Amino acid sequence: MLSAERILARCESLAQHSELAGGLTRVFLSPQARAATDKVLGWMREAGMQASLDAIGNAAARYEGERPGLPCLMLGSHLDTVRDAGKYDGMLGVISAIECVDFLNRQKRRLPFAIEVVGFGDEEGVRFGTTLLGSRAVAGTLDLSVLDARDPQGNSMADALRAFGLDPKRIPEIARKKGEVLAYAELHIEQGPVLEAEGLAVGVVTAINGFSRLRVTLRGAAGHAGTVPMHLRRDALAGAAECVLATEQVAKSDPELVGTVGRIEARPGAINVIPGEAMFTVDVRAPRDELRNAAISKIKSQIQQVSKQRNLTCEIESLQEFGVTACSPRLMAQMDQAVKRQGHRLRRLPSGAGHDGMALGAITDICMLFVRCKGGISHNPAESITEGDAAAGVQVLLDFIEHFALQR
Ligand SMILES: [Zn+2]
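Residues numbered from 1 in each chain as written. Predicted model: local features only at pLDDT ≥ 70, side-chain atom pairs only at ≥ 80, totals over all residues. Heavy atoms only, no water.

Student: Where do I start with the packing of helix α7 (residues 236-252) against helix α8 (residues 289-309) in this structure?
Tutor: Think of two packed helices as two axes; the pair is described by the angle between the axes and how far apart they sit. The contact between α7 and α8 brings their axes to 9 Å, and the two run at 155°. Relative to α8, the element α7 is oriented roughly antiparallel. Along this stretch, α7 crosses α8, giving a crossing that reads as right-handed. Contacts between α7 and α8 involve Gly-239, Glu-242, Cys-243, Ala-246, Thr-247 and Val-250 from the first element and Ala-295, Lys-298, Ile-299, Gln-302, Ile-303, Val-306 and Gln-309 from the second. Tallied by class, the residues present in the contact of α7 with α8 amount to seven nonpolar, four polar and two charged. (Axes fitted to C-alpha atoms, helices over the stretch in contact; angles between N-to-C directions. Helix = DSSP H or I, 4+ residues; strand = E, 2+ residues; numbered from the N terminus. Parallel < 35°, antiparallel > 145°, perpendicular 65-115°, else oblique. Left-handed = near helix turned anticlockwise from the far one by under 90°. Contact = heavy atoms within 4.5 Å. Nonpolar A, V, L, I, M, F, W, Y, C, P; charged D, E, K, R; others polar.)

Next comes the structure, spelled out in structure tokens:
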């Protein structure tokens, strides 16, 4: 039997591995990530899978099909979290996938394809400021220059991998070839309020919105807060404040756009010193690439204008960019059928948040199933789902897997 109770208990169990006392923060390649990943590998093995830690720190497992070596249906999600996170974003998808394989294994059932389950080590990008590291490595699209990226403590990603017991040089070996992976399917909490508002436990995702991320550094002149008159100042932080509002204004210009400045730092950072340097990030997302690209160029030109007016220099660095990833119509239709067979009304919806499927889309067709979460809340300790909804999600996922065999 599929057990939603066990799925939720396992999410609770993983939430114990946290660097934040009384909350949940688990970043890529941390000791807490190691403990959680080892736990997941154990559950994968109990479910009858061959499981191991791969070269970038993903928990990767395989359940052979009717004969060894068949191409696979890949299921997965991520095991890292944002800071002060919820217990289900990412983990629910990994654990639900393991539950499905466990169900098949107990019945000694083998399908005409293998099933692989991956718990990706990094999706959120908290530690190194660049996202989808685990899934991009599996898709073979990870640019290895990222190994030089540093965390806030100054450790490079290459060093962090070595400290985790991994060899960065082996990362290219985990790249999958087209044809080895028949499809990628991910169950994830919705992270939005649509399903709850419509009284639905699950929904089928149509596409994952694209995103662009910038890091902007404005430089002026630091000076004494008491002696430099206002008209002679080149205050980088005051300039950044204008840029934050300009970003908000551009994002508000179209209901499909969202834009966020999530980080800002001023240097030297003292109460009595005019900030000579300010760094901030920009995150823009949209369901259409043209719309996002136009917004990004508008934001960039506004930043340049503000800098010019205030006699600041500006450096705009593009951190990461991902186009819209459409879910496969063929797989969406199969997921629709699974939703209906399990007795739910069909609802399709786009994903405003990024997911590992964006990376896997480079090598295979993808689809996603959303599960309702309370209040649409995620990236927050208040993130919550009911046992009934966890059950609905895993039942639809299993139904999809079982019928994937027939419809391929
Ligand atoms: Zn997630």
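Student: What is the right way to look at the coordination of the zinc ion in this model?
Tutor: For a metal bound by four donors in a tetrahedral arrangement, the ideal donor-metal-donor angle is 109.5 degrees, while six donors in an octahedral arrangement ideally sit at 90 or 180 degrees. Within the protein, the atoms that donate to the zinc ion are His-78 (NE2), Asp-89 (OD) and His-188 (NE2), at distances of 1.9 to 2.2 Å. Between the donor residues of the zinc ion, the gaps in sequence give the motif H-x10-D-x98-H. Of this pair, His-78 sits in strand β3 (residues 72-78) while His-188 is found in strand β5 (residues 181-189), placing the two residues 110 residues apart along the sequence. (Donors = N, O, S within 2.8 Å, 3.2 Å for Na, K, Ca; no water.)

Student: How should the pattern of salt bridges be read in this particular structure?
Tutor: Two side chains that carry opposite charge are able to pair once their charged atoms sit near each other. In total, this model carries 36 salt bridges according to the counting rule given. Between Arg-62 and Glu-64 there is a salt bridge, and its shortest N-O distance comes to 3.0 Å. Taking the shortest distance from any N to any O, the salt bridge between Glu-315 and Arg-219 comes out at 3.1 Å. Linking Glu-315 in strand β13 (residues 313-322) with Arg-219 in strand β7 (residues 210-219), this pair joins segments that are 96 residues apart in sequence. Shared partners join several salt bridges into a network, and the residues in it are Arg-62, Glu-64, Glu-116, Arg-176, Lys-177 and Glu-180. (Salt bridge = Lys/Arg side-chain N within 4 Å of Asp/Glu carboxyl O.)

Student: What is the right way to read the packing of aromatic side chains from this model?
Tutor: Each aromatic ring pair is specified by the distance between its two centres and by the angle formed by the two planes. Inspection of the entire model under this criterion finds five aromatic pairs. Between Phe-211 and Phe-322, the aromatic rings sit 5.8 Å apart at their centres with planes inclined by 35°, giving tilted as the arrangement. One end of the pair, Phe-211, is in strand β7; the other, Phe-322, is in strand β13, with 111 residues separating them in the sequence. For the pair shown, Phe-211 and Phe-322 are each scored as buried. An aromatic cluster is built from Phe-113, Phe-400 and Phe-404, whose rings are joined through pairwise contacts. (Phe/Tyr/Trp six-rings, centres within 6.5 Å; stacked < 30°, edge-to-face > 60°. Buried < 20%, exposed > 50% of the residue type's maximum accessible area, 1.4 Å probe, protein only.)

Student: Would you mind going over helix α9 (residues 329-341) with me for this structure?
Tutor: At 3.6 residues per turn, the α-helix brings residues three or four places apart onto the same side. Helix length check: α9 (13 residues) gives 18 Å between terminal C-alpha atoms against 18 Å at 1.5 Å per residue, within 8%. All of the buried residues along α9 are Leu-331, Met-332, Gln-334, Met-335, Asp-336, Ala-338 and Val-339. Gly-343 occupies a position one or two residues after α9 and carries a positive phi of about 85°. (Expected span 1.5 Å × (residues − 1).)

Student: Would you take a moment to explain the packing of helix α1 (residues 4-15) against helix α2 (residues 31-46) for this structure?
Tutor: As a packed pair, α1 and α2 sit with axes 9 Å apart at the nearest point and diverge in direction by 150°. Viewed along their axes, α1 and α2 adopt a mutual orientation that is roughly antiparallel. The handedness of the crossing between α1 and α2 comes out as right-handed. Across from Arg-10, Ser-13 and Leu-14 in α1, the residues of α2 making contact are Ala-36, Lys-39, Val-40, Trp-43 and Glu-46. Its residues placed into classes, the contact of α1 with α2 shows four nonpolar, one polar and three charged.

Student: How should I be thinking about α8 in this particular structure?
Tutor: Taking 1.5 Å per residue, 21 residues should reach 30 Å; α8 reaches 30 Å between its end C-alpha atoms and fits that length. Turning to α8, its buried residues number three or more, namely Leu-291, Arg-292, Ala-295, Ile-296, Ile-299, Ile-303, Val-306 and Ser-307. Projection of α8 onto a plane perpendicular to its axis shows the buried side chains occupying an angular sector of 140°, all on one side. Exposed side of α8, more than 90 degrees from the buried face: Glu-290, Lys-308 and Gln-309 are the residues found there. On the buried face of α8, the contacting elements are β7, α7, β12 (277-286) and β13. Positive phi shows up at Asn-311, right after α8, with a value of about 60°. (Arc of directions from axis to C-beta.)

Student: How should I be thinking about the side chain of Thr-281 in this particular structure?
Tutor: Looking at where Thr-281 falls in the secondary structure, it is placed in strand β12. In this structure Thr-281 touches Leu-214, Thr-260, Val-261, Gly-262 and Arg-263, once residues within four positions along its chain are discounted.

Student: Can you help me understand the nonpolar core in this one?
Tutor: Across soluble globular proteins, nonpolar side chains show a tendency to be buried alongside one another. Met-44, Ile-56, Ile-115, Val-117, Phe-400 and Ile-401 are the most contacted members of the largest nonpolar core, which totals 107 residues. Sort the elements by how many residues they give to this core and helix α11 (residues 387-407) lands first, with 11 residues. Filtering out sequence-adjacent residues up to four positions away, Met-44 remains in contact with Met-49, Ala-51, Ala-59, Ala-61, Ile-98, Val-117 and Gly-119. (Core = buried A, V, L, I, M, F, W, Y, C linked by side-chain atoms within 4.5 Å.)

Student: What is the right way to look at unusual backbone geometry in this model?
Tutor: Note on backbone geometry: most residues besides glycine have negative phi, and most peptide bonds are trans. A cis amide bond links Arg-267 with the next residue in sequence, Pro-268, at an omega value of 5°. Secondary-structure assignment places Pro-268 in the loop between β10 (264-267) and β11 (273-274). The residue Asp-84 is not glycine, and still its phi comes out positive at about 55°. Position of Asp-84 relative to the elements: it lies in the loop between β3 and α3 (91-106). Residue Asp-84 is classed as partly exposed on the basis of its relative accessible area, which comes to 35%.

Note that every value here comes from positions in space, so none of it alone points to a role or purpose.
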